[in-house]
Amino acid sequence: METKLKKIKDTLYDLSELFKVFGDSTRIKILYDLFSGEKNVTEICRDLEMNQSAVSHQLKILRTTKLVQGRREGKSIVYALADDHVKTIIAMGIEHIEE
């Protein structure tokens, strides 16, 4: 019984850590920008009207938490949402606040 409770506590902790990542408006903007497909840092910076340093810093966090993935294409890295779950979480959040 104690092992099951520990697993639940660990899962809830991990969930709270995931939601902390969604607590930054810049990261949300980047994720939303990637709804339309893969983009490199330059494209994201242009879309969000932000500097590369700020965007790169947030992309590192998003990659670490496995919300985005990157792949090398020539000299640059192209970023995309890690999976459809990310889009679903944001879409559900938007739906909730628009109710």
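Position numbers for residues count from 1 along each chain, tracking the sequence in the order it is written. The model is predicted, so local features are restricted to residues of pLDDT at least 70 and side-chain atom pairs to those at 80 or more, both for listing and for counting; the totals for chains, interfaces and linings are taken over all residues. Only heavy atoms go into the side-chain values, all of them from the structure, while hydrogens and water stay out.

**Student:** Help me understand the sheet that holds strand S1 (residues 39–40) in this model?
**Tutor:** Working definition: the strands of a sheet are paired by backbone hydrogen bonds and lie parallel or antiparallel to each other. At least two bridges found by DSSP between two strands is the condition for calling them paired. Note on conventions: DSSP H or I runs of at least 4 residues are helices, E runs of at least 2 residues are strands, and numbering of each starts at the N terminus. One open sheet accounts for three strands, arranged S1-S3-S2; its pairing is antiparallel. Two strands close off the open sheet at either side, each with one partner strand: S1 and strand S2 (68–73). By the bridge criterion, two bridges tie S1 to strand S3 (residues 76–81) in an arrangement that is antiparallel. Its bridge partner lying in S3, Asn40 is registered against Val78. The contact definition used throughout considers only heavy atoms, calling two residues in contact when any of these lie within 4.5 Å. An axis is simply a line fitted to the C-alpha atoms; with a helix, the fit covers only the stretch in contact. Between two such axes, the angle follows the N-to-C directions and lies from 0 to 180 degrees. Where helix H4 (residues 52–64) meets the sheet, its contacts fall on S2 and S3, and the angle it forms with S2 comes to roughly 115°.

**Student:** Explain the pattern of salt bridges here, please?
**Tutor:** Where charged atoms from two side chains of opposite charge approach closely, those side chains can pair. When a carboxyl oxygen of Asp or Glu lies within 4 Å of a side-chain nitrogen of Lys or Arg, that pair is called a salt bridge. Counted by the stated rule, this structure contains seven salt bridges. Of the charged contacts, one joins Glu38 and Arg71 as a salt bridge, the two residues approaching to 2.7 Å between their closest N and O atoms. With a gap of 33 residues between them, Glu38 in the loop between helix H2 (25–33) and S1 and Arg71 in strand S2 connect regions that are remote in the sequence. Taking the relative accessible area as the measure of exposure, Arg71 reaches 36% and is therefore partly exposed. We note a salt bridge from Lys39 to Asp47, for which the minimum N-O separation is 2.5 Å. Here's how the labels work: a residue is buried when its accessible area is under 20% of the maximum for its type, exposed when over 50%, partly exposed in between, all with a 1.4 Å probe on protein chains only.

**Student:** Where do I start with the packing of aromatic side chains in this structure?
**Tutor:** When the centres of two rings from Phe, Tyr and Trp lie within 6.5 Å, Trp using its six-membered ring, the rings pair. Their planes under 30 degrees apart give stacked, over 60 give edge-to-face, and anything left gives tilted. Taken as a whole, this structure holds two aromatic pairs when the rule is applied. Ring geometry for Phe19 against Phe22: centres 6.3 Å apart, planes inclined by 50°, an arrangement best described as tilted. For Phe22, a relative accessible area of 12% corresponds to the buried category. A centroid spacing of 5.0 Å and a plane angle of 40° characterise the contact between Tyr32 and Phe35, whose relative ring orientation is tilted. Relative accessible area serves as the criterion here: at 23%, Phe35 is assigned to the partly exposed category. A positively charged side chain is recorded as over a ring if its NZ (Lys) or CZ (Arg) lies within 6 Å of the ring centre. The angle to the ring normal must also be within 35 degrees. Here the guanidinium or amino end of Lys87 rests over the ring plane of Phe35, the centre of that ring lying 5.2 Å away.

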